[in-house]
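Each chain, written out:
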Amino acid sequence: MNADIIRTEFYKIVSKKYIWIFVILFSAFYAFIFFQFRDNPGVKYSLRPIRNEIQQAAASEELGNIMRSKGYKISYEDIKPFLSSSACEYIEQYRRVYYHDEIPVASLPESKVTDKICNFYERIDDRQNEIQNLRSSLAEMKKKGKLSSFLYAVQTKLLGMYEKAGEIELNLDGWDEIADINYAWMIPAWTMLIILLGLAGIYSDEYTNKTQSVLLTAKNGRQGVFFSKLAAGILFSILCVLYFQSLAFAVTGIVYGFSNADISLMSLYGFKLTPFAWSALKFYLFQILGSLLAAFVMSSLIICLSAYCKNALLPFFLAGTYWGGTFVWAKTVALPQYVANPLSLPAELSPFMLQSITDLVSTGRFINLFGSAVPTIYANIIFNLIIAFISLLFCYHGYIRKQVKD
Amino acid sequence: MKLTIQNVMKTFGEKRAVNDVSLELISGVYGLLGPNGAGKTTLMKLIVDILTPSAGRITLDGVDITELGAAYRDKLGYMPQEIGVYKNFSAKKFLKYIAALKGLSGREAESKVSELLGLVGLKDVANKRLGGFSGGMLRRIGIAQTLLNDPQILILDEPTAGLDPQERIRFRNILSELSGNRIVLISTHIVTDMEFIAGQIILLKDGAVLRMDHTENLIRTVEGKVWSAVLTHEQFNSIKQLYSIGNVMQRSDGMEVRIISDKKPLEQAKPIQPILEDVYTYYFGGTAK
Ligand SMILES: Nc1ncnc2c1ncn2[C@@H]1O[C@H](COP(=O)(O)OP(=O)(O)O)[C@@H](O)[C@H]1O
Ligand SMILES: [Mg+2]
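Source: prediction; values computed, not measured. (Residues numbered from 1 in each chain as written. Chains lettered and ligands numbered in written order. Predicted model: local features only at pLDDT ≥ 70, side-chain atom pairs only at ≥ 80, totals over all residues. Heavy atoms only, no water.)

1. Re the overall build of chain B
- In terms of regular secondary structure, chain B is built from 11 helices and 14 strands.
- Projected onto its principal axes, the C-alpha coordinates of chain B cover approximately 70 × 45 × 35 Å.
- In chain B, the proportion of contacts linking residues at least 24 apart, taken out of those at least 6 apart, comes to 68%.
- Total accessible area on chain B stands at roughly 12,800 Å², and carbon and sulfur atoms take up 47% of it.
- Considering chain B, the positive charge centre built from 36 side chains and the negative charge centre built from 32 side chains are found 4 Å apart. (Helix = DSSP H or I, 4+ residues; strand = E, 2+ residues; numbered from the N terminus. Contact = heavy atoms within 4.5 Å. Areas by Shrake-Rupley, 256 points an atom, 1.4 Å probe, with all protein chains shown as cover. Lys, Arg positive; Asp, Glu negative; His and termini not counted. Charge placed at Lys NZ, Arg CZ, Asp CG, Glu CD.)

The structure is reproduced here in structure tokens:
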């Protein structure tokens, strides 16, 4: 491997004009869609300046009891006595302002503050109920002597994770949108599309260009080219992931505001049942790592396919079908509670779910791996690493002994 | 240095593209002559190890070339019949890339590339995109590419196809400047290219070696078998059914025809001095050109 070769291999990938056209189009489209929300009253009239006051109000036992007695359906007027006068003033300042001449702006911060607090209690109770359910289910199974069942192992493990996981906090920090970046399909799909477009021809273009005989008869034209193409391909896919993640982070941050306080993951809207004791930031960083890993896996796969194909279309189509098929499946199939089944496995082990780990970590999900309960997210990582490993092995062996028949 | 090809065979399905070829190449220039489909390209691919023989083996100084691997490729310069390039690369960028593949360091590559661009007469367009190059210019890039690592084994598959007369002369000069202890194997179906370059000629037909000898010895084998006669159109038409015909030249008083025949073909035919082209016509049959 040599820096000059890697540089040239990288140049071959990025000198395709259509890649740049797609990147520019996608970026513009993404920014355009998101900046529509900029004017959204929820964004415009943020509760952030009165964060502390709301937190204090939410912490009150008394308000909690009122909340539960009313079935989590209370109004702003019920909360008002628990807020300071300056906070009320801030919330009510918009009472005579109209949004787009129709909706009174005032209702928005008022309902938002109510929602936040109600939801806070509701989620605490939901999580508590789930833990209670697990305990009674385990006790039930114990009574029936089903200690060796796989479900018993799963629930024991899950309960252990819940008990160590900490507590739900009031969710005021705007992590929801950042956490959702990959859950919405656009960023993962575009990242993958650009990677696949860029790498589909990495070997097959040498055939199309009739350059492969010269490569294959050069001293470093076999091992050297294999490792250089791999390095250039992985570098390219890493840059794709980082670019689209930065774009999404910047756009989301500009529209919804950047958050400087971290919060436990279970405090976010979709994650009340997560067994993982992660913070929102940790989740977000893991998701970027997952995206990088998924990019590496798909790059390895398409590089391998390209080494065996005489044009770039076939590897693009095959790898695209694999990613797209498992993606559609992941968005379609209803994931079963606790334990993956044969129907849900293609979704739960898909590269998309490595890019967007929300579904895998927002509740307790496990896979039966030789009788032990493994969190599906880890199984996904192992499975995908195996795919990458096998792809690279096949690619290496195929290319090192490659013959030029025609 | 001795490149040995031992009973090598290559089949594609039923087709025997190379059929039991055995050759021993030591330093010198070898011309591989044969009509289209004779198996020249296939034999060369076997020699440069981008095809694996169906039977037999190829060794360099006794060691199998597949075993030598990178060490063998390090000695190799190969110009495929169809040379490809990256259209969006400049000539210089392309050659520097191949130089890196051949293991040259950045500095070595820099000087070698500009030296070779000068040698093939493309210095002025060094920074131009290869997409705009003519076929002849691309062939010259192909020749430059093979020489980057100063190869000891040079395998050139129809290097002169598509070159104009001037470029052919330049190519011949480049080859004669390549001094010393090298094995150079050049395939062609254009015989005149080989006359002055090749020390030895290998005649390949239907995948098998018909003959291999020094050029002058081969020419000697057709001595007394080459005739010249001036013929009318009707005479020519009947003669060409019976004999192999070499060069035909239009003259005011008819057609001057080169006839290859063991016996005197016609009363007015005169024996003439053979050239390499007559060897080709003798072994592969000629058609009026
Ligand atoms: N990949 C292949 N598959 C099938 N037949 C082939 C292949 N390559 C070459 N051949 C056949 O082998 C014979 C020799 O071809 P080739 O080596 O290209 O001859 P030459 O270079 O002398 O024109 C031809 O009949 C050709 O059709
Ligand atoms: Mg050929």
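2. Comments concerning the domain arrangement of chain A
All names here are of chain A.
- According to the domain assignment, chain A consists of domain 1 (3-38 + 174-400) and domain 2 (48-147).
- Each of domain 1 and domain 2 has a C-alpha centre, and the two are 37 Å apart.
- Contacts between domain 1 and domain 2 engage 16 residues on the former and nine residues on the latter.
- At the boundary of domain 1 with domain 2, total buried surface from both sides reaches about 980 Å², with 43% on carbon and sulfur atoms. (Domains from an automatic or database assignment. Buried area = accessible area lost by both parts, 1.4 Å probe.)

3. Observations concerning the coordination of the magnesium ion (ligand 2)
Residue and element names in this part refer to chain B.
- For the magnesium ion (ligand 2), the full set of protein donor atoms is Thr 41 (OG1) and Gln 81 (OE1), and the range of their distances to it is 2.0 to 2.2 Å. Of the two residues, Thr 41 is situated in helix H1 (residues 40-47) and Gln 81 in the loop between strand E6 (76-79) and helix H4 (91-101); the sequence distance between them amounts to 40 residues.
- Since its relative accessible area comes to 22%, Thr 41 is described here as partly exposed.
- Classification of Gln 81 by relative accessible area gives partly exposed; the value is 31%. (Donors = N, O, S within 2.8 Å, 3.2 Å for Na, K, Ca; no water. Buried < 20%, exposed > 50% of the residue type's maximum accessible area, 1.4 Å probe, protein only.)

4. Description of the site of ligand 1
- Close to ligand 1 lie Lys405(A), Phe12(B), Lys15(B), Ala17(B), Pro35(B), Asn36(B), Gly37(B), Ala38(B), Gly39(B), Lys40(B), Thr41(B) and Thr42(B).
- Residues near ligand 1 are shared among chains A and B, making this a multi-chain site.
- One of the backbone N or O atoms of Lys405(A) is found 3.0 Å from a nitrogen atom in ligand 1.
- Gly37(B) places a polar main-chain atom, nitrogen or oxygen, 2.7 Å from an oxygen atom of ligand 1.
- Computed on the free molecule, ligand 1 has an accessible area of 550 Å², of which 68% lies beneath the protein chains in the complex. (Near = heavy atom within 4 Å. Polar contact = N/O pair within 3.5 Å; in protein donor to acceptor, adjacent residues only side chain to side chain.)

5. Let's talk about the pattern of salt bridges
Residue and element names in this part refer to chain B.
- Counted according to the given criterion, the structure contains 23 salt bridges over all chains.
- Glu 24 serves as the salt-bridge partner of Lys 2, at 4.0 Å between the closest nitrogen and oxygen. With Lys 2 in the segment before strand E1 (3-12) and Glu 24 in strand E2 (residues 15-25), this pair connects stretches of sequence that are 22 residues apart.
- Glu 24 gets classed as partly exposed once you look at its relative accessible area, which sits at 47%.
- With its nearest N and O atoms 3.8 Å apart, the salt bridge here joins Glu 115 to Lys 112. Linking Glu 115 with Lys 112, this pair stays in helix H5 (residues 106-119), spanning three residues, or about one helical turn.
- Here Lys 112 falls in the buried class, since its relative accessible area comes to 18%. (Salt bridge = Lys/Arg side-chain N within 4 Å of Asp/Glu carboxyl O.)

6. Topic: the packing of aromatic side chains
- Per the stated rule, a full pass over the model turns up 27 aromatic pairs over all chains.
- Ring plane angle 70° and centroid distance 5.1 Å describe the contact between Tyr243(A) and Phe244(A), whose orientation is recorded as edge-to-face.
- On the basis of relative accessibility, which here comes to 1%, the residue Phe244(A) falls in the buried class.
- Put simply, the rings of Phe22(A), Phe26(A), Phe29(A), Tyr30(A), Phe34(A), Trp185(A) and Trp190(A) pair up and form one aromatic cluster.
- Above the face of the Tyr183(A) ring, Lys331(A) is positioned so that its terminal group lies 4.4 Å from the ring centre.
- Taking NZ or CZ as reference, Lys93(B) lies 5.5 Å from the ring centre of Phe89(B), over its face. (Phe/Tyr/Trp six-rings, centres within 6.5 Å; stacked < 30°, edge-to-face > 60°. Lys NZ or Arg CZ within 6 Å of the ring centre and 35° of its normal.)

7. Looking at the nonpolar core
- Counting residues in each nonpolar core, the largest one holds 178 residues, and the members touching the most others are Leu3(B) and Ile141(B).
- Examining the composition of this core, we find that 13 residues originate from one element, helix H15 (residues 280-308) of chain A, more than from any other.
- Setting aside residues up to four positions removed in sequence, Ile141(B) forms contacts with Val85(B), Ala91(B), Phe94(B), Leu95(B), Leu117(B), Leu122(B), Leu130(B) and Phe133(B). (Core = buried A, V, L, I, M, F, W, Y, C linked by side-chain atoms within 4.5 Å.)

8. A look at the pairing of strand E12 (residues 244-251) of chain B
All names here are of chain B.
- In terms of strand pairing, E12 meets strand E13 (residues 254-260) through six bridges, oriented antiparallel. Along E13, the bridge assignment pairs Ile 245 with Ile 259.
- Hairpin connection between E12 and E13: a loop of two residues separates the two successive antiparallel strands. (Pairing = 2+ DSSP bridges.)

9. Comments concerning the sheet that holds strand E5 (residues 372-375) of chain A
All names here are of chain A.
- One open sheet accounts for three strands, arranged E3-E4-E5; its pairing is mixed. If you trace the sheet from one side to the other, it starts and ends with strand E3 (338-339) and E5, each paired once.
- Each of strand E4 (365-369) and E5 is contacted by helix H20 (residues 376-400), which is oriented at about 80° to E5, the strand it contacts most. (Axes fitted to C-alpha atoms, helices over the stretch in contact; angles between N-to-C directions.)

10. Comments concerning the domain arrangement of chain B
- Assigned domains within chain B: domain 1 (28-35 + 70-219) and domain 2 (224-273).
- Taking only C-alpha atoms, the centre of domain 1 of chain B and the centre of domain 2 of chain B are 37 Å apart.

11. Structural notes on the interface of chain B and chain A
- Taken together, the contact between chain B and chain A spans 31 residues of the former and 29 residues of the latter.
- Of the roughly 2,600 Å² buried between chain B and chain A, counting both surfaces, carbon and sulfur atoms make up 59%.
- Contact with chain A buries area across many residues of chain B, yet Ile50(B), Arg73(B) and Leu101(B) alone supply 26% of it, more than any other trio.
- Here chain B and chain A share one salt bridge between them.
- Of the charged contacts, one joins Glu82(B) and Lys210(A) as a salt bridge, the two residues approaching to 3.5 Å between their closest N and O atoms.
- Taken together, the links from chain B to chain A amount to 15 residue pairs in polar contact (both at pLDDT 80 or more).
- Mapped onto the side of chain B that touches chain A, the elements with two or more residues apiece are E1, helix H3 (70-73), E6 and H4 of chain B.

12. Quick notes on the confidence of the model for chain B
- Taken over all residues, the pLDDT of chain B has a mean of 91, while the share at 70 or more is 98%.
- Model confidence for the complex: the whole-complex pTM is 0.91, and ipTM, which rates the interface, is 0.91. (pLDDT = per-residue confidence, 0-100.)

13. Considerations on the environment of Ile202(B)
- Position of Ile202(B) relative to the elements: it lies in strand E9 (residues 200-205).
- Other than its neighbours up to four places away in sequence, Ile202(B) contacts Leu23(B), Leu25(B), Tyr30(B), Gly31(B), Leu32(B), Leu33(B), Leu185(B), Val209(B), Arg211(B) and Met212(B).

14. Focus: the sheet that holds E6(B)
All names here are of chain B.
- Here we have six strands laid out as an open sheet, ordered E6-E7-E8-E3-E9-E10, and mixed in their pairing. At either end of the open sheet lies a strand with only one pairing partner, and these are E6 and strand E10 (208-214). The average angle at which neighbouring strand axes cross in this sheet is 15°, direction not considered.
- Pairing geometry for E6 and strand E7 (residues 153-157), over four bridges, is parallel.

15. Here's the deal with the environment of Thr11(B)
Residues and elements named next belong to chain B.
- Among the secondary structure elements, Thr 11 is positioned in strand E1.
- For the pair Thr 11 and Ile 155, spaced 144 residues apart in sequence, the C-alpha to C-alpha distance is 21 Å.
- Sequence-distant contacts of Thr 11, defined by excluding residues within four places in its chain, comprise Arg 16 and Ser 54.

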